[in-house]
Number of protein chains: 2
Amino acid sequence: MNGIENQQEEFAALLEARQVEELLERLKKLPPVEIAELLGELELPATLEILLGLPAELQGLTLSYFDIPMLHQIFDAMDRRTFSRAFVAMDTDVRADLYQDLSRENQLQLLPFLDKQTREDVIHLSSYEPETAGGIMTTDFATVDMEMTVDEAIEKIRHDSPSRKMIYYIYAVNQEMKMEGFFTLKDLILARPSTRVKKIVRKDFVYADVNEDQESVARKIEKYDLVAIPVLNFLGQLVGIVNHDEAISVIRAEHTEDLEKFMGILPGEPELEYLDRPAWMHFKNRVVWLVSLAGVGVISGMIIHRFENAISSLVVLALYMPMVADTGGNAGSQAATVVVRALALGQITLKEWGLVIWKELKIALMLCLVLGILSFGKILFLSYEAEIPAAYNLIDIATAISLALALQVVSATLIGAGLPLLVRQLGGDPAVAASPAITTIVDITGLLLYFGTAMLFLGIH
Amino acid sequence: MNGIENQQEEFAALLEARQVEELLERLKKLPPVEIAELLGELELPATLEILLGLPAELQGLTLSYFDIPMLHQIFDAMDRRTFSRAFVAMDTDVRADLYQDLSRENQLQLLPFLDKQTREDVIHLSSYEPETAGGIMTTDFATVDMEMTVDEAIEKIRHDSPSRKMIYYIYAVNQEMKMEGFFTLKDLILARPSTRVKKIVRKDFVYADVNEDQESVARKIEKYDLVAIPVLNFLGQLVGIVNHDEAISVIRAEHTEDLEKFMGILPGEPELEYLDRPAWMHFKNRVVWLVSLAGVGVISGMIIHRFENAISSLVVLALYMPMVADTGGNAGSQAATVVVRALALGQITLKEWGLVIWKELKIALMLCLVLGILSFGKILFLSYEAEIPAAYNLIDIATAISLALALQVVSATLIGAGLPLLVRQLGGDPAVAASPAITTIVDITGLLLYFGTAMLFLGIH
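What follows deals with the domain arrangement of chain A. In terms of domain boundaries, chain A breaks down into domain 1 (3-127), domain 2 (136-243) and domain 3 (297-458). Distance from the C-alpha centre of domain 1 of chain A to the C-alpha centre of domain 3 of chain A: 56 Å.

Structural data, given as structure tokens:
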């Protein structure tokens with residue numbers, strides 16, 4: 001099962017040769033995720049032909065791995081009755097997402113073909129906000145009554161879930177479906193058949209509230225090494241569970257959001273992949289920051305104007321403005337990145353801000369020494385034959401500029417490290433104090449340092 | 001168990017009042033991860049006192065949540081015999097990591113106190129590379145013989161793993177410990193007691209090679225929604241399993257690495273947290289990029305020099321160089337971020353590069369329109385009273401500069417989107433073609449566009 005790439009070609013060949021029967025037999029042996037992958041490579045008609053050749057349960061399990069746009073295509077291409085059979089076997093959370101996304105009319109066309117239980121389940125699940133525990137939970141879970149014996153419990157599990165789906169925990173509930181505790185299949189096997197469930201049940205359990213944000217749910221699953229977390233409503237009733245694999249997808253989505261924040265990109269529509277998002281949507285998400293940065297840029301513009309005379313009297317100054325700005329931006333962004341991440345991973349707390357700044361200061365001093373010396377040499381190398389007004393000499397100029405650069409590296413690093421801490425202190429998300437913000441702020445401080453140093457050191461005015 | 005923050009104060013109070021007995025009773029009811037959290041807040045002596053008050057198994061489970069530096073402190077503070085009792089109960093992967101990190105001398109002091117099985121296990125596990133399947137796997141897993149009956153299998157599990165640890169899958173092996181297949185506890189419960197294991201075993205299984213990179217292992221766990229993946233050696237023998245929670249930590253670590261790459265920070269020592277890393281280590285990881293960028297900066301320096309006359313004849317040109325450079329850098333970084341992420345998530349493939357560039361082109365055109373118009377207004381606003389040589393007029397200058405900026409936005413966006421694809425094509429990691437790289441490259445193209453446009457449009461030379 002580890003050589004799926006090679007398989008893909010074989011399957012393509014079989015399809016080419018119209019040996020569909022053979023192909024289907026082979027597919028039935030694969031895990032649904034791989035069937036979905038293979039079908040994803042094909043044109044819609046071929047996908048449908050093969051899909052319909054599979055047993056309804058396998059159809060459902062496979063569809064559970066398709067994305068929403070793909071599911072729409074399949075929904076539109078199948079007749080409602082056939083689709084409903086697969087729909088019943090889909091993962092409850094995926095099918096609820098699809099149902100939520102269907103037009104009212106399509107929903108009404110589908111419902112009549114669903115059995116009562118599925119119908120209620122879909123309507124129930126699609127009533128929750130997408131990014132909450134309720135939105136990502138599944139209703140595939142096993143419950144037993146506290147009063148049952150171990151034997152009765154095993155019987156109930158046999159009866160309730162004969163499907164291929166895996167069971168991790170069994171949840172013990174009372175008459176009102178209030179969750180009382182849980183136990184594992186192992187507890188069940190280790191216990192004597194006549195023992196009562198309430199003897200082996202674990203009453204201390206971590207749970208998620210049905211309206212809890214999905215990221216906090218994922219963090220609980222991660223922190224307590226859970227395979228699944230029970231989701232309770234305000235009455236303490238067990239309404240669903242969130243599985244460990246959901247936690248991973250939430251963490252991945254979280255990461256994408258962070259990265260985008262880092263580049264000042266507004267969080268996009270998570271359900272749409274890069275190519276599925278229309279260009280204007282990408283544009284919308286990116287333009288806001290770029291425009292506001294351009295706005296802030298007016299300030300740096302004013303500053304530069306303020307020193308227009310300095311520049312005209314010593315043009316070489318203009319040449320090294322970008323160098324100082326860029327180096328500062330990069331150093332600042334690096335510090336910001338490291339601090340934001342350390343905050344996110346809980347490696348540092350706000351209380352430790354002093355330690356952070358102190359460490360960054362030491363780092364900055366090492367950096368500014370290296371970079372200062374480099375830029376000094378760079379200036380001598382680049383400008384050795386530049387025309388310089390008699391009043392000045394290159395050595396002084398190089399010294400002034402590399403001094404400015406050194407100061408810029410230090411201030412930029414401290415700003416880059418400090419800003420995320422400040423934002424968090426003010427209750428905001430540190431990630432917004434990232435690359436673009438830092439770059440812009442550091443541009444302004446950089447220009448002030450640059451011309452300030454030049455004027456003091458070279459006596460320009 | 002969801003209100004740990006409040007608990008922390010209560011426990012602090014109990015400790016304050018020296019009601020250690022009471023405190024210990026309360027702690028024993030908590031999951032080890034929370035005990036570890038609470039102890040992490042205390043001074044070493046208090047941590048030790050409480051730790052030693054807990055039963056050895058709970059000590060071990062709790063220590064499994066401490067980081068390596070903390071474990072060293074505890075190792076040094078305890079006598080070897082006492083420590084060995086907790087050590088035996090620790091998660092096998094964590095204790096192997098600690099053992100690897102101990103001095104040869106300390107290792108030799110510890111070994112005599114370990115039972116044969118633990119000793120062999122630790123030496124075996126610590127022989128693998130840290131970032132491979134072997135390095136992160138645990139040896140806590142249940143195996144049965146293919147020839148056993150379901151009843152015998154249950155007996156063996158009862159006997160082998162009475163501990164609190166959870167069992168997800170049971171692995172069926174032959175006489176040579178070669179893995180033949182696996183089944184779940186549920187399969188066991190659903191089967192008749194007299195059935196032979198080989199009747200219910202699932203022979204198609206995903207596995208990891210013991211030398212496989214940890215990221216690829218995590219991806220398999222994620223893709224196949226596994227709770228644990230078996231790790232086989234080159235003989236196909238089952239040597240360990242990697243659990244789903246390991247997958248999550250690997251994914252987190254992977255993300256930190258990506259973020260750092262994005263800012264041109266060399267991957268740091270993952271086992272050391274931000275504050276535990278000495279400043280020079282941070283410095284080492286950051287300086288490389290900054291220096292190489294400064295190096296590349298020489299090129300932009302030369303370009304600017306090349307246009308020195310243009311600047312001196314029209315100083316206002318110098319004022320808007322940073323604006324054009326920054327806007328380009330930001331737009332390019334945004335495009336790079338989105339494309340790198342889409343590649344990482346498998347949302348786009350190299351084959352689709354055409355679609356990506358085409359989409360980015362559309363986005364860039366919208367961006368450059370908005371930003372071009374803005375900068376035009378900005379220039380009129382900022383420079384309306386600047387002294388301009390008679391040969392030129394502000395409108396032309398503003399037009400030229402905002403035209404340059406528009407071109408810069410388009411080229412920067414395309415470079416930002418194209419470079420990661422190119423790097424991947426050449427077999428590299430797209431993430432290295434991120435913010436700092438883009439910013440620097442785009443600076444150079446930007447300057448060329450800037451002065452090029454100015455000279456053509458304003459007829460400077």
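The rest of the description comes next.
Counted under the stated rule, the structure contains 32 salt bridges over all chains. Across the salt bridge formed by Glu37 of chain B and Lys223 of chain A, the nearest N and O atoms sit 3.0 Å from each other. Separated into two different chains, Glu37 of chain B in helix α3 (residues 32-40) and Lys223 of chain A in helix α15 (residues 214-223) make up a pair that spans both. The residue Glu147 of chain B makes a salt bridge to Lys198 of chain B at a minimum N-O spacing of 3.1 Å. Remark: Lys198 of chain B occurs in helix α14 (residues 197-200) and Glu147 of chain B occurs in the loop between β1 (142-145) and α12 (150-160); sequence separation between them is 51 residues. Residue class for Lys198 of chain B comes out partly exposed when judged on its relative accessible area of 35%.

All names here are of chain A. Side chains of Leu403, Leu407, Leu456 and Phe457 sit close together on the surface and give an oily, nonpolar patch of about 410 Å² of accessible area. Mapped onto the nonpolar patch, the elements with two or more residues apiece are α21 (394-425) and α22 (435-458). Turning to its location among the elements, Leu456 is positioned in helix α22.

In this structure, Tyr320 and Tyr450 of chain A together with Tyr320 and Tyr450 of chain B are the most contacted members of the largest nonpolar core, which totals 92 residues. In contact with Tyr320 of chain B, not counting residues within four places along its chain, are His305 of chain A together with Ile379, Leu382, Ser383, Ile401 and Tyr450 of chain B. Core analysis: the next-biggest nonpolar cluster, separate from the first, contains 70 residues, Phe182 and Phe205 of chain A together with Ala218 and Ala228 of chain B among them.

Residue and element names in this part refer to chain B. The strand order β1-β2-β3 describes an open sheet built from three strands, whose pairing is mixed. On the outer flanks of this sheet lie β1 and β3 (179-184), each paired with one strand and no other. Each strand axis lies, on average, 35° off the axis of its neighbour in the sheet, ignoring direction. Of the strand pairs in this sheet, strand β2 (residues 169-173) and β3 are connected by five bridges, and their pairing is antiparallel.

Overlay of chain A on chain B (RMSD 0.1 Å): rotation 180°, translation along the axis 0.0 Å. Between the two chains, the operation in question is that of a two-fold axis. Interface overlap between copies is the fraction of interface residues in one copy that are interface residues in the other; for chain A against chain B it reaches 99%, indicating a shared surface.

What follows concerns the packing of helix α7 (residues 80-89) of chain B against helix α8 (residues 92-101) of chain B. Residue and element names in this part refer to chain B. For the pair α7 and α8, the least separation of the axes is 8 Å and the interaxial angle reads 135°. Relative to α8, the element α7 lies oblique. On the side of α7, the interface is formed by Phe83, Phe87 and Val88, while α8 contributes Arg95, Leu98 and Tyr99. A per-class count over the contact of α7 with α8 returns five nonpolar, no polar and one charged.

On to the packing of aromatic side chains. Residue and element names in this part refer to chain A. The full count for this structure, using the stated rule, is 16 aromatic pairs over all chains. Their ring planes at 80° and their centres at 6.4 Å tell us that Phe141 and Tyr171 sit as a pair that is edge-to-face. Here Tyr171 lies in strand β2 (residues 169-173) and Phe141 lies in the loop between α11 (133-136) and β1 (142-145), a separation of 30 residues in the sequence. For Phe141, a relative accessible area of 22% corresponds to the partly exposed category. These aromatic residues form a ring-pair network of at least three members: Phe141, Tyr169, Tyr171 and Phe182. Between the NZ or CZ atom of Lys220 and the centre of the ring of Tyr207, over which it lies, the distance is 6.0 Å.

Our next topic: the sheet that holds strand β5 (residues 228-232) of chain A. Residue and element names in this part refer to chain A. The mixed open sheet is built from three strands, whose spatial order is β4-β5-β6. The two strands at the open ends of the sheet, each matched to only one other strand, are β4 (208-209) and β6 (238-243). Note: β4 against β5, two bridges, orientation parallel. Along β5, the bridge assignment pairs Ala208 with Val231.

Looking now at the pairing of β5 of chain A. All names here are of chain A. Counting buried residues in β5 gives five out of five residues, a clear majority hidden from the surface. The side-chain alternation of β5 yields two buried faces, one formed by Ala228, Pro230 and Leu232 and the other by Ile229 and Val231. Relative to β6, β5 runs antiparallel, the two being bridged by five bridges. Looking across to β6, one finds that Ile229 is bridged to Val242. Counting the residues in the hairpin turn of β5 and β6 gives five residues, including Gly236, whose phi is positive at 80°.

The interface is formed by 122 residues belonging to chain A together with 121 residues belonging to chain B. Counting each side, the surface lost to burial between chain A and chain B is near 11,100 Å², with a carbon and sulfur contribution of 67%. A per-residue breakdown of the area chain A buries against chain B is headed by Lys186, Arg252 and Tyr274 of chain A, which together make up 7% of the total. Here chain A and chain B share six salt bridges between them. Ionic pairing is found between Glu360 of chain B and Arg286 of chain A, a salt bridge with its closest N-O pair at 2.8 Å. Our count for the contact surface shared by chain A and chain B stands at 30 residue pairs in polar contact (both at pLDDT 80 or more). With 17 residues, helix α17 (residues 279-306) of chain A is the largest single contributor of residues to the side of chain A that touches chain B. The class makeup of the residues in the side of chain A that touches chain B is 69 nonpolar, 21 polar and 32 charged.

Reading the values: rules and limits
- Residues numbered from 1 in each chain as written.
- Chains lettered and ligands numbered in written order.
- Predicted model: local features only at pLDDT ≥ 70, side-chain atom pairs only at ≥ 80, totals over all residues.
- Heavy atoms only, no water.
- Domains from an automatic or database assignment.
- Salt bridge = Lys/Arg side-chain N within 4 Å of Asp/Glu carboxyl O.
- Helix = DSSP H or I, 4+ residues; strand = E, 2+ residues; numbered from the N terminus.
- Buried < 20%, exposed > 50% of the residue type's maximum accessible area, 1.4 Å probe, protein only.
- Patch = residues over 30% accessible without salt bridge, like charges linked within 9 Å, V, L, I, M, F, W, Y side chains within 5 Å.
- Areas by Shrake-Rupley, 256 points an atom, 1.4 Å probe, with all protein chains shown as cover.
- Core = buried A, V, L, I, M, F, W, Y, C linked by side-chain atoms within 4.5 Å.
- Contact = heavy atoms within 4.5 Å.
- Pairing = 2+ DSSP bridges.
- Axes fitted to C-alpha atoms, helices over the stretch in contact; angles between N-to-C directions.
- Least-squares fit on C-alpha atoms with pLDDT ≥ 70 in both.
- Parallel < 35°, antiparallel > 145°, perpendicular 65-115°, else oblique.
- Nonpolar A, V, L, I, M, F, W, Y, C, P; charged D, E, K, R; others polar.
- Phe/Tyr/Trp six-rings, centres within 6.5 Å; stacked < 30°, edge-to-face > 60°.
- Lys NZ or Arg CZ within 6 Å of the ring centre and 35° of its normal.
- Buried area = accessible area lost by both parts, 1.4 Å probe.
- Polar contact = N/O pair within 3.5 Å; in protein donor to acceptor, adjacent residues only side chain to side chain.

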